[in-house]
Amino acid sequence: MSEATGMSRHIAESSGHIAASAMDFWKRYRKNKIGVAGLGIIIFFTVMAVFAPLISPYNPNLINSSLYLSPPSAAHLLGTNQLGQDLLSLNFYGARISLIVGFAAAAISVIVGLVIGLYSGYFGGWADEILMRVTDFFLVIPTLVFMIVIAAVIGPSLLNVILVIGLLSWPSTARTIRSMVLSIKNWPFIESATINGGKSNYIIFRHIAPNVFPVVFANAVMSVASAIFAQASLVFLGVGDVTDISWGGIIHGAFAFGAVTSGMWWYVIPPGLFIILVILGFTMTGYSLEEMFNPKKRGF
Amino acid sequence: MATLTFSSYIAKRIALTVVSIFIIISFNFFLFRVLPGNPITLLYRSPRLTLNQEKSLAIQFGLNKPEWEQYLLYIRNALEGNFGISFYYKVSVTSELIPALENSLVLLIPATIISVLLGIFTGVFSAWRENSKTDVAVLQTAMAFYAMPTFWLGGIFILLAIYIGGIPVAGEYSVGSTSILNLLEHMALPLLTLVLVYYGQFTIMMRNSLRDVLSEDYIVTAYAKGADSRRILYTHAVPNAMLPMISLIAINLGLMVTGAILVETVFSWPGIGYMIYEAIGHLDYPMLQGAFIIVTFSVVLANLLADMIYGMVDPRIRYK
Amino acid sequence: MLNISNLSVSYSTDSGIANAITDLSLDVNEGETMGLVGESGSGKSTLGLALMRILPKNARIVSGSMMVYGKDLMSLSRGKMRRMRGETISMVFQGAMNSLNPLMTVEKQVSEPLLIHGKANMREALATAHDILGKVGLKSSAWKQYPHQLSGGMKQRAVIAMAIITNPKILIADEPTTGLDVVTQMAIVRLLKETQREMNITMIFISHDLPVVAKIADRISIMYGGRLMESGTTNDVIRNPRHPYTSKLLASVPDISGNQIISGIPGEPVSALRLPAGCLFRERCEIALKECASYNYDVSFEEKDHRAYCINSGAL
């Protein structure tokens, strides 16, 4: 814990030190093999997403009915799908949706979780009690089923999928933040700020929030992985916009058009490998950050 | 005295379960009414239903009555297992869902038991050799499977099964067959997929739980008595490490259910998950909400069961 | 019968090597009670664990020997050492804390050593356990209870019963009274003393509480920073302390009415991670000399069995 607080004090310091502490932070992070590998994977897929139009051999939306489910060839390294679209290009473009949904949904869930965790930990009382019951409930309930039902009712657009994933994933973040706030609340400088009549909002956002920030950050990185997982599962089940290109969608297509049962491994294996890799990338990075910020926390 | 506190523990759990069930039903009621679109139409009026069916639904769910009365009727109907009529099958949702639930349990119960046992076994193995190469290998294997999308791993198994040949990749029975052997053949791949993806979380839980227990004072006491490794592990450490596992297993049942939905879809296993998948495709809203309620009910009730087992196993709760 | 010579134990931690015990030599005679006194971090508990050879994985016995009846415990195979634990050498831990398995009844835990060492079957073991539990003052209503249902004092009695059920030769009691109220503390000390006499056990009584130790021990050894500071008969050490640390410990005696410490020892105990050269106590010592910085722990005071490791002990 002492290291975590030391770290966060760095962050809380004036902006002049931020560049220096960022350098300091990077020096420590660089030593963490798992973390560096994870970050490398994230960068790899970010580059793939950004430069998809440049690296893709074809326009993925190009339909060519004469190329119905064709096997890999020199022209189409991973073959084509039921619409004759180039699978390699589809897989490159698929990185976009995964990352967009991952980052956006994680941002929503972390912001909601942060605010709720801060208030509930700081004020305690009945609001806190309700929060704990709600998170208990969410922890137990199969969230994916929740997401399916809501998305099915409100209409499965990309934005809706992001909202549904983001708004149903905050409880675990809120829980973590809450327990941190409970201990930070008793630090002498917070207590003295409270006694000196500091406004609650000021204390929460000026004094407490900077100290939970590192853990929030690690948590956010982990959340990206679970959001990507959730999105892939939803699309696979047919919830979501089928015209959006995504890895889950490619796998959905492979099943729906008999590619799997026809043994077309080139259709189904690559998008799954990409999902696994990107999820491992975010998990490894988040895990390493957590380990750095909070060395006492148990591994895995 | 002792039984009084134990029964108050149970009473508290039951109360929490009732609250959860109430939340689930209410959530459903409001979801299909508050959200945009025309929810009443979504649930009770479909061009596919006959006029008679529509009329009887309107009476059962009080569609002409004020909202609060509809809400009460909705709760009553839900508790009685009445979730309306399926748009697609044109029969009551419950009559379709009950056999589906049975099929799901046929797959889910063995999958859970095997995953938990495999997780406990590998977790004990890992914790006992903490930080050794075997520990790292066991954990990495578990993590690798855990990172795989369930439906994708299922797809890989289908590819392999078709390449090898002779292994059924869809359904619960071959047409016309009802033999156990035939069921087991069909179950092999979905079961394997579920177990592989989900045992890893139990490995990690068991490893961490046992690691905590192994640093407890009473373990040092057991060493001081002259107990050997076997006795330390199986008489003292594992039983204590199993206690938190009971709650953790219960909490993670939700995740197993999610996995089952995906696996059923991949292998066309006629359970609730497959019903959900089909309902999404058919826009069969009554079916979707019925399945949702049944799935969440089951998970909540399984948690209640786990809490009760916990209360009976832990003497600190049993004899307070 | 128990001879420890030149024992050094270290822990490897994230912040470096911690020298928990340095070059410690100690002799305990058959049938006597040796009191081992020191603040937390003095290495006294490490010594107990080292004697049982149940040190944590990150600990290492760097050098030295521990002879029991002329046999070095270090030279025993793992299996032989295991069979000695709980049979020849037993240990009593701080029972008020977590030293009992929360899922086993008291009688089961107390009878376990007999089963482990193959001395009885389940029925006989339970009968013996009841016998011993009665002797240490636990009523039969408590026998089938779980640890959380017992008070701290009762748990401590159960822990003692568990340690003596095999008739051990040596009993190591590590802080057996810590966490108990004063009345219970006295009762436990009395119980240990009686048991020790009756069964003619050689006892090592480890505690931070010098007055409690003085009540039970025949001889006392004072440890600081992993080294021996002073040892001698209880009478000599208490009446005529020859080390400034001992006199400070005596001055910080709790008063009779309660636990109030009249005067603590100023300064922080030395860190096992960074032991200073020379006398370990000199930073906190009021009579420290310049030469203390180069002191190499030759015995500097010796009178019969009474030894102290302080070059300025004449100033006391």
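Computed from a prediction, not measured in an experiment: that's the story for all the values here. (Residues numbered from 1 in each chain as written. Chains lettered and ligands numbered in written order. Predicted model: local features only at pLDDT ≥ 70, side-chain atom pairs only at ≥ 80, totals over all residues. Heavy atoms only, no water.)

Enquirer: Account for the overall build of chain C, naming residues and giving values.
Expert: When helices and strands are counted, chain C shows ten helices and twelve strands. Relative to a compact globule of 316 residues, whose C-alpha radius of gyration would be 20 Å, chain C shows 20 Å and is just as compact. By the burial criterion, 55% of the 316 residues in chain C qualify as buried. Relative to all contacts within chain C whose residues are 6 or more apart in sequence, the contacts with residues 24 or more apart total 65%. Considering chain C, the positive charge centre built from 34 side chains and the negative charge centre built from 30 side chains are found 6 Å apart. (Helix = DSSP H or I, 4+ residues; strand = E, 2+ residues; numbered from the N terminus. Rg over C-alpha atoms; globule rule 2.2 N^0.38 Å. Buried < 20%, exposed > 50% of the residue type's maximum accessible area, 1.4 Å probe, protein only. Contact = heavy atoms within 4.5 Å. Lys, Arg positive; Asp, Glu negative; His and termini not counted. Charge placed at Lys NZ, Arg CZ, Asp CG, Glu CD.)

Enquirer: Break down the pattern of salt bridges for me, with residues and values.
Expert: Taken as a whole and assessed by the stated rule, the structure comprises 18 salt bridges over all chains. Asp128(A) serves as the salt-bridge partner of Arg178(A), at 2.6 Å between the closest nitrogen and oxygen. Pair noted here: Arg178(A) is in helix H9 (residues 170–184) and Asp128(A) is in helix H6 (residues 125–140), with a separation of 50 residues, a long-range link. Note that Glu283(C) and Arg282(C) form a salt bridge whose closest N and O atoms lie 3.7 Å from each other. By relative accessible area, which is 64% here, Glu283(C) ends up exposed. Linked through salt bridges whose partners overlap, the residues forming this network are Lys225(B), Arg231(B) and Glu112(C). (Salt bridge = Lys/Arg side-chain N within 4 Å of Asp/Glu carboxyl O.)

Enquirer: Outline the packing of aromatic side chains, supporting the account with residue identities and numerical values.
Expert: Centre distance and the angle of the planes are the two values used to describe a pair of aromatic rings. Taken as a whole and assessed by the stated rule, the structure comprises 34 aromatic pairs over all chains. Grouping aromatic residues by their ring pairs yields a cluster made of Phe137(A), Phe138(A), Phe146(A), Trp170(A), Phe27(B) and Phe292(B). One cation-aromatic arrangement involves Arg129(B) over Phe125(B); the distance from NZ or CZ to the ring centre is 4.4 Å. Just above the ring of Tyr297(C) sits the side chain of Arg227(C); from NZ or CZ to the centre is 4.1 Å. (Phe/Tyr/Trp six-rings, centres within 6.5 Å; stacked < 30°, edge-to-face > 60°. Lys NZ or Arg CZ within 6 Å of the ring centre and 35° of its normal.)

Enquirer: Just give me the short version of the sheet that holds strand S1 (residues 2–13) of chain C, but keep the residues and values in it.
Expert: Residue and element names in this part refer to chain C. If you walk across this open sheet you meet the four strands as S2-S1-S4-S5, and the pairing is antiparallel. Among the strands making up the open sheet, the edge pair consists of strand S2 (16–28) and strand S5 (71–72). Bridge count for S1 against S2 is nine bridges, and the pairing is antiparallel. Note that in S2 the partner of Asn3 across the bridge is Asp27. Here helix H1 (residues 44–52) sits on the sheet and contacts S1, S2 and strand S4 (59–68); the angle it forms with S1, its principal contact strand, is near 110°. (Pairing = 2+ DSSP bridges. Axes fitted to C-alpha atoms, helices over the stretch in contact; angles between N-to-C directions.)

Enquirer: Now, about the interface of chain B and chain A: what can you tell me, with residues and values included?
Expert: Listed by partner, the interface residues are 46 residues for chain B and 40 residues for chain A. Carbon and sulfur atoms make up 83% of the surface buried where chain B meets chain A, a total of about 3900 Å² over both sides. Viewed at the interface, chain A and chain B are joined by two residue pairs in polar contact (both at pLDDT 80 or more). Of all the secondary structure elements, the ones that give two or more residues to the side of chain B that touches chain A are helix H1 (2–34), helix H6 (133–146), helix H7 (150–164), helix H8 (180–214), helix H10 (229–266), helix H11 (272–282) and helix H12 (285–313) of chain B. Grouping the constituent residues of the side of chain B that touches chain A by class yields 36 nonpolar, eight polar and two charged. (Buried area = accessible area lost by both parts, 1.4 Å probe. Polar contact = N/O pair within 3.5 Å; in protein donor to acceptor, adjacent residues only side chain to side chain. Nonpolar A, V, L, I, M, F, W, Y, C, P; charged D, E, K, R; others polar.)

Enquirer: Give a description of the environment of Arg242(C) that names residues and reports values.
Expert: All names here are of chain C. Its location among the elements puts Arg242 in the loop between helix H9 (234–239) and helix H10 (244–251). Looking at Arg242, the relative accessible area reads 14%, which means it is buried. Through-space distance from the C-alpha of Arg242 to that of Ser313 is 5.4 Å; in sequence the pair is 71 residues apart. When near neighbours in sequence (up to four residues on either side) are disregarded, Arg242 contacts Glu230, Phe301, His306, Ala308, Cys310, Ser313, Gly314 and Leu316.

Enquirer: Explain the arrangement of the chains to me, using residue names and the numbers behind them.
Expert: Here two pairs of chains are in contact, and chains A and B lead that list by number of contacts. Taking C-alpha atoms as the reference, chain A and chain C come no closer than 11 Å and do not contact one another.

Enquirer: For empty space enclosed by the protein, give the residues involved together with the corresponding values.
Expert: Tallying each qualifying case throughout the model produces six cavities of 30 Å³ or more. When its volume is computed, the largest cavity comes out at roughly 80 Å³. Forming the boundary of the largest cavity are Thr221(B), Ala224(B), Lys225(B), Gly86(C), Ser90(C), Met91(C), Pro113(C), Met162(C) and Ala163(C). Elements with a minimum of two residues in the lining of the largest cavity: helix H9 (217–224) of chain B together with strand S6 (89–92) and helix H6 (152–164) of chain C. Of the residues assigned to the lining of the largest cavity, the class counts are five nonpolar, three polar and one charged. Computed from the structure, the second largest cavity encloses a volume of approximately 60 Å³. Taken together, Ile97(A), Val101(A), Leu158(A), Val161(A), Gln231(A), Val235(A), Gly240(A), Asp241(A), Asp244(A) and Ser246(A) form the lining of the second largest cavity. Listing elements by their share of the lining of the second largest cavity, those giving two or more residues are helix H5 (87–123), helix H8 (158–168) and helix H11 (200–236) of chain A. (1 Å grid on protein atoms, 1.4 Å probe; cavity = no way out; pocket = protein on both sides within 12 Å on 5 of 7 lines; lining within 4 Å. Points joined across faces, edges and corners; volume = space filled by probe spheres on them.)

Enquirer: Run through a nonpolar patch on the surface, naming residues and quoting values.
Expert: Residue and element names in this part refer to chain A. Taken together, Ile43, Val47, Val50, Phe51, Leu54 and Ile55 make up a surface patch of nonpolar side chains, about 570 Å² in accessible area. Those elements that place two or more of their residues in the nonpolar patch are helix H3 (33–50) and helix H4 (52–55). Broken down by element, the nonpolar patch gets its largest block of residues, three residues, from H3. For Ile55, the location among the structural elements is in helix H4. Overall, Ile55 belongs to the partly exposed group, its relative accessible area being 40%. (Patch = residues over 30% accessible without salt bridge, like charges linked within 9 Å, V, L, I, M, F, W, Y side chains within 5 Å. Areas by Shrake-Rupley, 256 points an atom, 1.4 Å probe, with all protein chains shown as cover.)

Enquirer: How would you sum up the interface of chain C and chain B? Please name residues and give values.
Expert: Across the boundary between the two partners, chain C contributes 28 residues, which contact 24 residues of chain B. Interface area, chain C with chain B, both sides summed: about 2100 Å², of which 61% is carbon and sulfur. Sorting the residues of chain C by area buried against chain B places Leu103(C), Glu112(C) and His148(C) first, and these three jointly supply 25% of that buried surface. Between chain C and chain B we count two salt bridges in total. Among the ionic pairs, Glu112(C) bridges to Lys225(B), the shortest N-O distance being 2.6 Å. The interface formed by chain C and chain B holds 15 residue pairs in polar contact (both at pLDDT 80 or more) in total. Of all the secondary-structure elements, those providing two or more residues to the side of chain C that touches chain B are H1, S6 and helix H3 (106–116) of chain C. Here the element with the most residues in the side of chain C that touches chain B is H3(C); it accounts for five residues. Along the lines of polarity and charge, the residues of the side of chain C that touches chain B split into 16 nonpolar, eight polar and four charged.

Enquirer: Go over the side chain of Asn32(A), please, and point to the residues and values.
Expert: By the secondary structure assignment, Asn32(A) is in the loop between helix H2 (18–30) and H3. When residues no more than four places from it in sequence are discounted, the contact partners of Asn32(A) are Ser288(A) and Glu291(A).

Enquirer: Let's hear about the side chain of His243(C): which residues, and what values?
Expert: All names here are of chain C. On the secondary structure map, His243 appears in the loop between H9 and H10. In this structure His243 comes out as buried when scored by relative accessible area, which is 1%. Sequence-distant contacts of His243, that is, excluding residues within four places in its chain, are made with Met229, Glu230, Phe281, Ala308, Tyr309, Cys310 and Leu316.

Enquirer: Lay out the confidence of the model for chain C with the relevant residues and their values.
Expert: All names here are of chain C. On average, residues of chain C score 89 in pLDDT, and 96% of them are at 70 or above. Taking the mean pLDDT of every element in chain C, the minimum, 85, falls on strand S11 (residues 301–303) and the maximum, 96, on H3. Here residues 255–262 is a poorly scored stretch, pLDDT under 50, and it has nine contacts once near neighbours within four places are set aside; other chains count. Prediction confidence for the complex, expressed as pTM and ipTM, is 0.84 and 0.89 respectively. (pLDDT = per-residue confidence, 0-100.)

Enquirer: I'd like a rundown of the environment of Leu57(B), residues and numbers included.
Expert: Mapped onto the secondary structure, Leu57(B) falls in helix H3 (residues 51–60). Here the alpha-carbon distance between Leu57(B) and Gly84(B), two residues 27 residues apart in the chain, equals 6.8 Å.

Enquirer: Describe the nonpolar core, and please don't skip the residues or the numbers.
Expert: Ranked by size, the top nonpolar core spans 164 residues in total, and within it Ile148(A), Ile165(A), Tyr267(A), Phe282(A) and Ile276(B) carry the most contacts. Sequence-distant contacts of Ile276(B), that is, excluding residues within four places in its chain, are made with Val145(A), Ile148(A), Ile261(B), Leu288(B) and Ala291(B). Among the nonpolar cores identified, the runner-up in size contains 95 residues, and Leu2(C), Met91(C), Ala163(C) and Ile206(C) belong to it. (Core = buried A, V, L, I, M, F, W, Y, C linked by side-chain atoms within 4.5 Å.)

Enquirer: Give me H8(B): which residues, what numbers.
Expert: Under the 1.5 Å per step criterion, the end-to-end length of H8(B) is only 43 Å for 35 residues, more than 12% shorter than the ideal 51 Å. Approximately 40° is the largest bend angle found in H8(B), and it occurs at Ala188(B), with the proline Pro190(B) only one to four residues beyond. (Expected span 1.5 Å × (residues − 1). Bend = angle between axes of the 7 residues up to and from the residue.)

Enquirer: Outline the packing of H11(B) against H12(B), supporting the account with residue identities and numerical values.
Expert: Residue and element names in this part refer to chain B. Between H11 and H12, the least distance of the axes is 9 Å, while the angle of their chain directions is 155°. The angle between H11 and H12 falls in the class roughly antiparallel. Between H11 and H12 lies a crossing of left-handed hand. Along its contact with H11, which presents Ile272, Met275, Ile276, Ala279 and Ile280, the element H12 presents Met287, Leu288, Ala291, Ile294 and Val295. For the contact of H11 with H12, the residue count by class is ten nonpolar, no polar and no charged. (Parallel < 35°, antiparallel > 145°, perpendicular 65-115°, else oblique. Left-handed = near helix turned anticlockwise from the far one by under 90°.)

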